[in-house]
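Chain and residue survey
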Amino acid sequence: MSESAFIEVDRVEKVFDVRRRTGFLKRELRRVRAVDAISFTVARGEMVGYIGPNGAGKSTTIKMLTGILTPSGGRLRVAGIDPSRERTRLAHRIGVVFGQRTTLWWDLPLIDSYRLMHRMYRIPDGRYRENLDRLVELLDLSALLDVPVRQLSLGQRMRGDIAAALLHDPEVLYLDEPTIGLDVVSKARVREFLRELNTERGTTVLLTTHDLQDIEQLCSRVMVIDHGRLVYDGALAGLHEAGESERTLVVDLERELPPVEVGEAARVVKVDGPRQWLAFPASESAAPLVARIAAEYPLVDLSVREPDIEAVIAKMLYSMGDTPKLPPDREPVRETVVPGPGNS
Ligand SMILES: Nc1ncnc2c1ncn2[C@@H]1O[C@H](COP(=O)(O)OP(=O)(O)O)[C@@H](O)[C@H]1O
Ligand SMILES: [Mg+2]
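What counts, and where the lines are drawn
- Residues numbered from 1 in each chain as written.
- Chains lettered and ligands numbered in written order.
- Predicted model: local features only at pLDDT ≥ 70, side-chain atom pairs only at ≥ 80, totals over all residues.
- Pairing = 2+ DSSP bridges.
- Helix = DSSP H or I, 4+ residues; strand = E, 2+ residues; numbered from the N terminus.
- Axes fitted to C-alpha atoms, helices over the stretch in contact; angles between N-to-C directions.
- Contact = placed C-beta atoms within 7 Å.

Examined bridge by bridge, strand S10 (residues 246–253) and strand S12 (residues 275–281) share 7 bridges and lie antiparallel to one another. Bridge pairing links valine 250 to tryptophan 277 in S12. In this sheet, S12 lies alongside strand S11 (residues 267–272) in antiparallel orientation, the contact comprising 5 bridges. Each bridged residue has a counterpart across the sheet, and for valine 268 the counterpart in S12 is leucine 278. Between the antiparallel neighbours S11 and S12 lie 2 residues, among them glycine 273 with a positive phi of about 60 degrees.

Right, dumping it as structure tokens:
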């Protein structure tokens, strides 16, 4: 594998044996192939999105990359370290945030969690102070430091968790659904912070998300996992093309009018009184379309709706058939589950 690869994942698998009770004294053993022969590399300083439907294997991948779980097969290296063998040594070089779980002490004020981490990670005093000051400022935490974690809002807690993951200056940050359940303002804040972290400090970021906007605003590269298989690795635009996905422009006109006509740029898919819904290719900018409608129609208000991630992936898999779009040097996927319409 290439010299510059900071994260190396080579045909990694994770199989869970799940025992299920199916009746009196009856047990059934079921194998769940949560991650199925996945290969990819991430270079130092990259910011990569890792997306896929629920249960696709995203969290399992992240847990293997942190050493929480041991792979059932394949080879894994992060900064040259085998995560499950040297979990503690790796812990000093990585940071991890699980959106659905906090690493902070629930009953303690936020600052106490940071003090505990200072000791746990044996962060030199000067560096701790410096990092704490910077993170408190960038994540706007100063008013929250003395508040017990359980009293924080979800968005505040998430910012607190991100700071906790970065106090020891990790070279790579894994984020597992960091924006889940956050309001628009909190999401924007978290995204802005991550962008700065990546561009200014060169931190490598692997971001798992359900929100295509996270990827759109942050990642030049996206990997898609479905049923444990890596089915796409490339630019987000390419994903939209492969899936021919569409965004929706919702316009409110001054009054009820016949469907607006904008030629090839978009098509009206729904009209309800003065409100109209226009579908347009997700790979195109909405700006020219909006300008045209504003010039020709009495426009009052508008919003753009993103396609949801499940729809994009389902469409992509459907349009690809059996040939996933992977770079030529990657091992091809042996078979692909192709969800038909209404059968995903
Ligand atoms: N500890 C576990 N024991 C058994 N099955 C698991 C375990 N963790 C995850 N799984 C299964 O592995 C699959 C992938 O899960 P996960 O990695 O959490 O998906 P995602 O994060 O993409 O939603 C799912 O089918 C899930 O039920
Ligand atoms: Mg998950």
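Now, onward.
Ordered by their spatial adjacency, 3 strands build an open sheet running S2-S1-S4, and the pairing between neighbours is antiparallel. Looking at the sheet topology across the chains shown, the edges are occupied by strand S2 (26–43) and strand S4 (73–78). Here the average twist between neighbouring strands, direction ignored, is 30 degrees. Pairing of strand S1 (residues 5–23) with S2, which is carried by 14 bridges, proceeds in the antiparallel orientation. By the bridge assignment for S2, alanine 5 is matched with alanine 43.

Turning next to the sheet that holds strand S6 (residues 172–176). The strands making up a sheet associate through hydrogen bonds between their backbones, and the pairing can be parallel or antiparallel. The mixed open sheet is built from 6 strands, whose spatial order is S5-S6-S7-S3-S8-S9. Bordering the open sheet on either side are strand S5 (94–98) and strand S9 (229–234), each of which pairs with just one other strand. Sheet twist, expressed as the mean angle between neighbouring strand axes with direction ignored, is 15 degrees. Where S5 meets S6, 5 bridges bridge the pair, whose relative direction is parallel. From the neighbouring strand, valine 97 faces S6, where its bridge partner is leucine 175. Most of the contacts of helix H5 (residues 154–166) go to S5, to which it runs at about 160 degrees, and overall it touches S5 and S6.

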